[in-house]
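What follows is the residue order along each chain.
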Amino acid sequence: MNRFIQHIAALVALTVPAAVWAAPEAADPAKYMTTSVAVSGSVETKLALRVEDLRNFPPQQVVELTLQVRRGAPAGQEPQRVKGVRLRDVLSRAAVVTHHYNDVKKMIVVASASDGYKVVFSWNELFNTAVGDGVLVIFERDGKPLANTEGQIALVSAADFRAGSRHVKWLQSIEIRKAVE
């Protein structure tokens, strides 16, 4: 499985221009603010989800997670609690389009921010590993709406060793793509 994820990551790195991986410095976070996230690509139902829509997911799908303090953080910094919906539950609502049984094994999910930052997950990673339990589309941090520096809707991957690498502030879109034929 790990080899598969490495191959998918290498493929994506080759197919997505390098410029999209480096987000510009956010001098004015307000200009990146988004109020909804669009779900598109190989799905039966395209979605445009606002915070209210995410809050209205079935109660068992609205999750609170404790995020550990990042390595190198100042001493005394407390873990943070985030609230959101698992990415796989959002994707299930959109219903991925597959023509063959094994198509999902070739799918990637690209989460994009309004500032141009993008991260990638494989379908198997989200649905067949423990990583998927901690990938959330979040709307609340420590009991409050997200700050302007993060946007109304963001994405975190809590199980990553370096969670910041796949933390998408100002989440704008989630696209499902078939990576290989």
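Since the model is a prediction, treat every value here as computed from it, not as a measurement.

Concerning the packing of aromatic side chains
For step 1, the next point in the chain: If you walk through the whole model with that rule in mind, you get 2 aromatic pairs.
For step 2, the next point in the chain: A ring pair is formed by Tyr 32 and Trp 170, whose centres lie 5.1 Å apart and whose planes are at 35°; its orientation type is tilted. Of the two residues, Tyr 32 sits in the loop between α1 (2-15) and β1 (36-41) while Trp 170 sits in the loop between β9 (154-157) and β10 (171-178), which places them 138 residues apart along the sequence.
For step 3, the next point in the chain: Under the relative-accessibility criterion, Tyr 32 is labelled buried at 10%.
For step 4, the next point in the chain: According to the relative accessible area criterion, Trp 170 is buried, its value standing at 1%.
For step 5, the next point in the chain: A cation sits over an aromatic face here: Arg 93 above Phe 57, 3.8 Å from the ring centre.

Some words on the environment of Val 168
For step 1, the next point in the chain: By the element assignment, Val 168 lies in the loop between β9 and β10.
For step 2, the next point in the chain: Spatially, the C-alpha atoms of Val 168 and Ser 157 are 9.1 Å apart, while their sequence positions differ by 11 residues.
For step 3, the next point in the chain: Apart from the residues within four sequence positions on either side, Val 168 is in contact with Ala 111, Ser 112, Ala 113, Tyr 117, Val 119, Ala 154 and Leu 155.

Let's talk about the sheet that holds β10
For step 1, the next point in the chain: Strand order in the open sheet made by the 5 strands is β2-β1-β10-β5-β6, with mixed pairing throughout. Edge positions in the sheet fall to β2 (47-50) and β6 (118-122), since each of these pairs with one other strand and no more. Pairs of neighbouring strands in the sheet enclose a mean axial angle of 20°, with direction left out of account.
For step 2, the next point in the chain: In terms of strand pairing, β1 meets β2 through 4 bridges, oriented antiparallel. In the strand pairing of β2, Val 39 is matched with Leu 47.
For step 3, the next point in the chain: Here helix α3 (residues 87-94) sits on the sheet in contact with β1, β2, β5 (107-113), β6 and β10, set at roughly 140° to β2.

Here is what the cut-offs are and how they apply
Residues numbered from 1 in each chain as written. Predicted model: local features only at pLDDT ≥ 70, side-chain atom pairs only at ≥ 80, totals over all residues. Heavy atoms only, no water. Phe/Tyr/Trp six-rings, centres within 6.5 Å; stacked < 30°, edge-to-face > 60°. Helix = DSSP H or I, 4+ residues; strand = E, 2+ residues; numbered from the N terminus. Buried < 20%, exposed > 50% of the residue type's maximum accessible area, 1.4 Å probe, protein only. Lys NZ or Arg CZ within 6 Å of the ring centre and 35° of its normal. Contact = heavy atoms within 4.5 Å. Pairing = 2+ DSSP bridges. Axes fitted to C-alpha atoms, helices over the stretch in contact; angles between N-to-C directions.

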